Amino acid sequence: MPVAHVALPVPLARTFDYLLPEGVSVKAGCRVRVPFGKQQERVGVVVASGDKSELPLSDLKPVIEVLDDEPVYTPAVWRMLLWAAEYYHHPIGDVLFHALPILLRQGKPASAAPLWYWFATEQGQAVDINSLKRSHKQQQALAALRQGNIWRHQVAELEFNEAALQGLRKKGYCDMASAAPAITDWRDGYTLSGERLRLNTEQATAVGAIHSHADSFSAWLLDGVTGSGKTEVYLSVLENVLAQGKQALVMVPEIGLTPQTIARFRERFNAPVEVLHSALNDSERLSAWLKAKNGEAAIVIGTRSALFTPFNNLGVIVIDEEHDSSYKQQEGWRYHARDLAVWRAHSEQIPVILGSATPALETLHNVRQGKYRKLKLSKRAGNARPAVQHVLDLKGQQLQAGLSPALIHRMRQHLQADNQVILFLNRRGFAPALLCHDCGWIAECPRCDHYYTLHQAQRHLRCHHCDSQRPVPRQCPSCGSTHLVPVGLGTEQLEEALRPLFPEAPISRIDRDTTSRKGALEQYLADVHRGGARILIGTQMLAKGHHFPDVTLVALLDVDGALFSADFRSAERFAQLYTQVSGRAGRAGKQGEVVLQTHHPEHPLLQTLLYKGYDEFAQQALAERQTLQLPPWTSHVLIRAEDHDNQQAPLFLQQLRNLLQASPLADDKLWLLGPVPALAPKRGGRWRWQIVLQHPSRLRLQHVVSGTMALVNTLPASRKVKWVLDVDPIEG
Ligand code: ADP
Ligand code: ZN
Ligand code: ZN
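Reading the values: the criteria
Just so you know, the residues in each chain are numbered from 1, in the order the chain's sequence is written. For naming, the first written chain is A and the first written ligand is 1, with later ones following in the order written. Side-chain atom pairs in this predicted model are given and counted only at pLDDT of 80 or more, local residue features only at pLDDT of at least 70, and totals for whole chains, interfaces and linings cover all residues. Working from all heavy atoms in the structure, the side-chain values ignore hydrogens and water. Helix and strand definitions follow DSSP, with helices as H or I runs of at least four residues and strands as E runs of at least two, each counted in order from the N terminus. The contact definition used throughout considers only heavy atoms, calling two residues in contact when any of these lie within 4.5 Å. Note on areas: these come from Shrake-Rupley sampling with a 1.4 Å probe, and a residue is covered only by the protein chains present in the view. Whether a residue is buried, partly exposed or exposed follows from its accessible area with a 1.4 Å probe, protein chains only, as a fraction of its type maximum: under 20%, in between, or over 50%, in that order. The donor definition counts N, O and S atoms within 2.8 Å of each metal and applies 3.2 Å to Na, K and Ca; water is not among these atoms, so some sites may look incomplete. Any coordination sphere not matching a tetrahedral pattern (four donors, all angles between 85 and 135 degrees) or a square planar or octahedral pattern (four or six donors, opposite donors over 155 degrees apart, other angles between 65 and 115) is reported as irregular. Any residue with a non-hydrogen atom lying within 4 Å of a molecule or strand is treated as near it. Here a polar contact means two N or O atoms within 3.5 Å. Within protein one must be a hydrogen donor candidate and the other an acceptor candidate, and residues neighboring in sequence count only if both atoms are side-chain atoms. Under the scheme applied, nonpolar residues are Ala, Val, Leu, Ile, Met, Phe, Trp, Tyr, Cys and Pro; charged residues are Asp, Glu, Lys and Arg; polar residues are all the others, including Gly. Asp and Glu count as negative and Lys and Arg as positive, but His and the ends of the chain are not part of the count. Every case where a carboxyl oxygen of Asp or Glu lies within 4 Å of a side-chain nitrogen of Lys or Arg is listed as a salt bridge. UniProt positions are given in the numbering used here, feature names are shortened, and annotations may be inferred rather than shown by experiment. Think of it this way: DSSP has to see at least two bridges between two strands before they count as a pair. To define axes, lines are fitted to C-alpha atoms, for helices over the stretch in contact only, and angles between the resulting N-to-C directions are given on a 0 to 180 degree scale. Two rings from Phe, Tyr or Trp (for Trp, the six-membered ring) form a pair when their centres are within 6.5 Å of each other. A pair whose planes differ by under 30 degrees is stacked, one over 60 is edge-to-face, and the rest are tilted. Lysine NZ or arginine CZ positioned within 6 Å of the ring centre and within 35 degrees of the ring normal marks a charge as sitting over the ring. In a helix, the anticipated span is given by 1.5 Å times the number of residues less one. Here the arc refers to the set of directions running from the helix axis out to each C-beta atom. The set of buried Ala, Val, Leu, Ile, Met, Phe, Trp, Tyr and Cys residues whose side-chain atoms join them within 4.5 Å is what this entry labels a nonpolar core.

Draft legend 1. Quick peek at the overall build of the chain. Looking only at helices and strands, one finds 22 helices and 30 strands in the chain. Considering only residue pairs separated by 6 or more positions, the chain has 75% of its internal contacts joining residues 24 or more positions apart. Carbon together with sulfur atoms contributes 50% to the accessible area of the chain, which is approximately 32,400 Å² in total.

Quick look at the structure:
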């Protein structure tokens, strides 16, 4: 009896065995319908089949239906998903289903839906067309049908309508039939179209280098400031790839999927471009997916989840703004689309291009290690003037809504000139330090030179490095002031506080909370372009999308929050934000200004960034991380647990920690922090705790974790908490 090992979309890291009918074999990657639980049916994916099971064969239930003859995954995607389930310690069923369009998860056929067309019946061919005099539209419709069949989806483009056709049908003159859509090969009619820019030397070098490695794996960092012509390089690389009859995957951050970006790709190529944007419905999404899989689409552009698109003959992967945090999925299966894209490119033996003006430290580290090669674009095309930068010292200033009088004054000026203003808050992964507003003193752990994090709920300061804690002081030990404040403020509070200050200026807040609804981001952005909002409040995610010609003033409000955060990544995020926004302010012939508010204008990081630039900053930051043995020099795995009583979560994590330490694979290089409260210690009525595991060897850490996670359900507290595991976390 053949046995199928089936992955199901359930939170269990295992497969389930079912019997296949005698003589039936099912390939790995095909879907089946199986019984599950009490009188339930589920769609599952066959991971493997054989003739053995750990259970007696007589206990196994039979597969109800085999849904596919051929796997729904391409071999490269399949390999990537199996690898990723292990690497991220995430249930295989969840991973495999995540990579499928919704309709396929539901068991719908993995083939294009048949198309319907209208045709004239024999009666309709024979009848005297003048007998339809009373209905002009029906007359037109029948005349057209006699010329040839009409696709139903094209009726809207004709001079008659569906009602006329239905009228004819009632008379028996026409009817509908369906046909499988024909697969058209874009390669047949493909020619290079349109005029193109003459590449400058650096661009041509980059395109040439990538082209000369087109037939094998190679990873490239395309490092170029905003406006230096990275997109032109992508387009030229794609020309070469399409000319060879191969396809291309272009990934952009959430905010990068703007009409302008899409238009540039569509204009350049007379080949089908599929765009996976959030407004697609389920069948449109499936259709795009199928077109990529059967080779009908030449180019697919999309955000994070476009990574799972199957291709018939993929020739290159481009990841624009590779440093962008939207490539990391932050719930459920927490994969990093950039890292997986590099894995996929390796498995498909094709080039992958990571483009950015502010490369992630991980990526720069990989360049140094010789894993990626760097291509530099140092010149800016066009003649945008650099923005004027102002550093405002906040010490002792009277603040309103976190804004200094000087900033409020400038905002008024820019608004009166009918321009727009953006205020940035770097709120994500935010953990406030305690700061003296009068002298700038910051509460610091005496043991490890690490900033204390203020835990307001518990009224204490905590070091997230050595886990020591102390009560919140009443007075500044340096100047005696009692004006001690947490650094920074959330976007929501800022919006509220701003309204009374600028009652006449419409405000728009763009962050993950306001844009979580489908299509909301696009709406907000369109509104800003129309000039509907005068003041924009944004987080990091807005840095990329901001090419608004009327924005002339950009202010970064909580520089201190980034410089003195317990999250070691916040300095990097701040440097990226600053570099991205100052590279964009003042484009269309208008002088731009960038304002930084800080209590510490002399901070070395700030000085390096302002006067030497991002590259120099990145070198310093990497050196500092090496000293502290932080990623990318080491690997992290974070395990977070939540409870209702603030007791079960730390208990569970302590038990888990003991288990991890007892692992036979744990050596003295394994470093564990915690259980400590998460940087956001309470959310949605739940207390959040975490432990962080660190090891210089990614592989060793992976083995320790897999060995231990197999036992996690044996821990008594595991049933009383909600826990998640985050490999290579980017916050917390
Ligand atoms: P990036 O993607 O790095 O921001 P783009 O490719 O969008 O840069 O280029 C910025 C601007 O410069 C665009 O308007 C583009 O048309 C123009 N540009 C790019 N390369 C060239 C070139 N070789 N010659 C002239 N203009 C160019
Ligand atoms: Zn002080
Ligand atoms: Zn400490």
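Next comes the rest of the write-up.
Draft legend 2. Here's a closer look at the environment of P386. Among the secondary structure elements, P386 is positioned in the loop between β15 (373-377) and β16 (388-393). The class for P386 is exposed, based on a relative accessible area of 63%. The spatial distance from the C-alpha of P386 to the C-alpha of S582 is 7.6 Å, given a sequence separation of 196 residues.

Draft legend 3. Spatial organisation of the coordination of the zinc ion (ligand 2). At 2.3 Å from the zinc ion (ligand 2) lie its protein donor atoms, namely C436 (SG), C439 (SG), C476 (SG) and C479 (SG). Here the zinc ion (ligand 2) is ringed by 4 donor atoms whose angles at the metal span 105 to 114°, and the overall shape comes out tetrahedral. Between consecutive donor residues of the zinc ion (ligand 2), the sequence gaps follow C-x2-C-x36-C-x2-C. On the criterion of sequence distance, the pair formed by C439 in the loop between β18 (434-436) and β19 (452-455) and C479 in the loop between β21 (469-471) and β22 (484-486) is long-range, its members being 40 residues apart. Assessed through its relative accessible area of 26%, C439 is described here as partly exposed.

Draft legend 4. Layout of the site of ligand 1. Of all residues adjacent to ligand 1, which total 15 residues, the nearest are R198, Q203, G227, T231 and R264. Measuring from an oxygen atom of ligand 1, one finds a backbone N or O atom of G227 at 2.8 Å. Against a free-state accessible area of 560 Å², the protein chains account for coverage of 69% of ligand 1. For the shell around ligand 1, the element with the highest residue contribution is helix α8 (residues 230-243), accounting for 3 residues. For the shell around ligand 1, the per-class residue count stands at 4 nonpolar, 7 polar and 4 charged.

Draft legend 5. Quick look at the side chain of R640. For R640, the position within the fold is in strand β27 (residues 635-643). Buried charge without a partner: R640 forms no salt bridge, and the closest opposite charge is D726, 5.9 Å away. Looking at R640, its side chain comes within polar contact range of the side chain of Q690, at 3.2 Å.

Draft legend 6. Region of the structure containing the pattern of salt bridges. Using the criterion set out here, one finds 34 salt bridges in the structure. Among the salt bridges present, the one from R187 reaches D185, with a minimum N-O distance of 3.0 Å. The closest approach of N and O atoms between R625 and E572, which form a salt bridge, is 3.0 Å. Of this pair, R625 sits in helix α20 (residues 614-628) while E572 sits in helix α18 (residues 570-582); the two residues are 53 residues apart in sequence, bridging distant segments of the chain. Exposure remark for R625: the relative accessible area of 5% places this residue in the buried category.

Draft legend 7. Spatial organisation of the UniProt feature "binding site: Zn(2+) 1" (unreviewed entry) in the chain. In this structure's numbering, the residues bearing the UniProt feature "binding site: Zn(2+) 1" (unreviewed entry) are C436, C439, C476 and C479. For the annotated residues, spread through 44 residues, the largest C-alpha to C-alpha distance comes to 8.6 Å, consistent with a single compact locus. Not counting the four nearest positions on each side in its chain, C436 is found in contact with W441, C476, C479, S481, H483, L484 and H599. Those residues within four positions of C479 in sequence are excluded, and the remaining contacts are C436, D438 and C439.

Draft legend 8. Inspection of the UniProt feature "binding site: Zn(2+) 2" (unreviewed entry) in the chain at higher detail. Taken from the UniProt record, the annotation "binding site: Zn(2+) 2" (unreviewed entry) applies to C445, C448, C463 and C466. Across 22 residues, the annotated set stays spatially compact, with a maximum C-alpha separation of 8.7 Å. Relative to the elements of secondary structure, C445 occurs in the loop between β18 and β19.

Draft legend 9. Spatial organisation of the side chain of Q576. Here Q576 is to be found in helix α18. What Q576 contacts, discounting residues up to four positions off in sequence, is H323, T358, P359, A360, Q540 and Y614.

Draft legend 10. The sheet that holds strand β30 (residues 722-727), seen in detail. Here 4 strands make up an open sheet; going across it, the order is β28-β29-β27-β30 and the pairing antiparallel. The outermost strands of the open sheet, each flanked by one partner alone, are β28 (671-683) and β30. Sheet twist, expressed as the average angle between the axes of neighbouring strands with direction ignored, equals 20°. As judged from the 7 bridges shared by β28 and strand β29 (residues 686-695), these two strands associate in the antiparallel manner. In the sheet register, K682 faces β29, and the bridge partner there is W687. Strands β27, β28, β29 and β30 of the sheet are contacted by helix α21 (residues 648-661), whose axis makes an angle of about 145° with β27.

Draft legend 11. Seen up close, the packing of aromatic side chains. Summed over all chains, the structure comprises 14 aromatic pairs. Judged by centre distance (6.4 Å) and plane angle (75°), the ring pair of Y88 and W333 falls under edge-to-face. Note that Y88 is positioned in the loop between α1 (75-87) and α2 (92-98) and W333 in the loop between β13 (314-320) and α11 (337-348), a separation of 245 residues in sequence. Considering the side-chain rings of Y117 and W151, the 5.7 Å spacing of their centres and the 80° angle between planes classify their relative orientation as edge-to-face. Here the residue Y117 occupies a position in strand β6 (residues 115-120), and W151 occupies one in strand β7 (residues 150-151), the gap between them amounting to 34 residues. Note on W151: relative accessible area 31%, which makes it partly exposed. The structure contains a cluster of three or more aromatic residues connected by ring pairs, namely W83, Y87, Y88, F308, W333, Y335 and W343. Between R373 and the ring centre of W220, over which it is positioned, the NZ or CZ distance is 4.6 Å.

Draft legend 12. Quick look at helix α22 (residues 698-709). Helix length check: α22 (12 residues) gives 16 Å between terminal C-alpha atoms against 16 Å at 1.5 Å per residue, within 8%. Within α22, the full set of buried residues consists of L701, Q702, V704, V705, T708 and M709. The arc that holds the buried residues of α22, viewed along the axis, is 165°, so those residues lie on one side. Next to the buried residues of α22 lie α1, β27, α21, β29 and β30.

Draft legend 13. Region of interest: the nonpolar core. Among the nonpolar cores identified, the biggest contains 122 residues, and Y73, L556, I639, L656 and L693 are the most heavily contacted of them. Sorting elements by how many residues they give to this core places α1 first, with 7 residues. In this view, L556 contacts F424, F574, L577, Y578, V581, V595, L596 and Q597; residues no more than four positions away in its chain are not counted. Counting 33 residues, the second largest nonpolar core, distinct from the first, contains W186, L222, A271 and I353.

Draft legend 14. Local environment of the sheet that holds strand β8 (residues 174-179). In space, the 3 strands of this open sheet follow the order β7-β6-β8, with antiparallel pairing throughout. Among the strands making up the open sheet, the edge pair consists of β7 and β8. The pairing of β6 with β8 spans 6 bridges and is antiparallel. Bridging from a neighbouring strand, L115 pairs with A179 of β8. Sheet strands in contact with helix α5 (residues 136-147) are β6, β7 and β8, and its direction is about 100° off that of β6. Each of β6 and β8 touches helix α6 (residues 162-170); the most contacted strand, β8, lies at about 110° to it.

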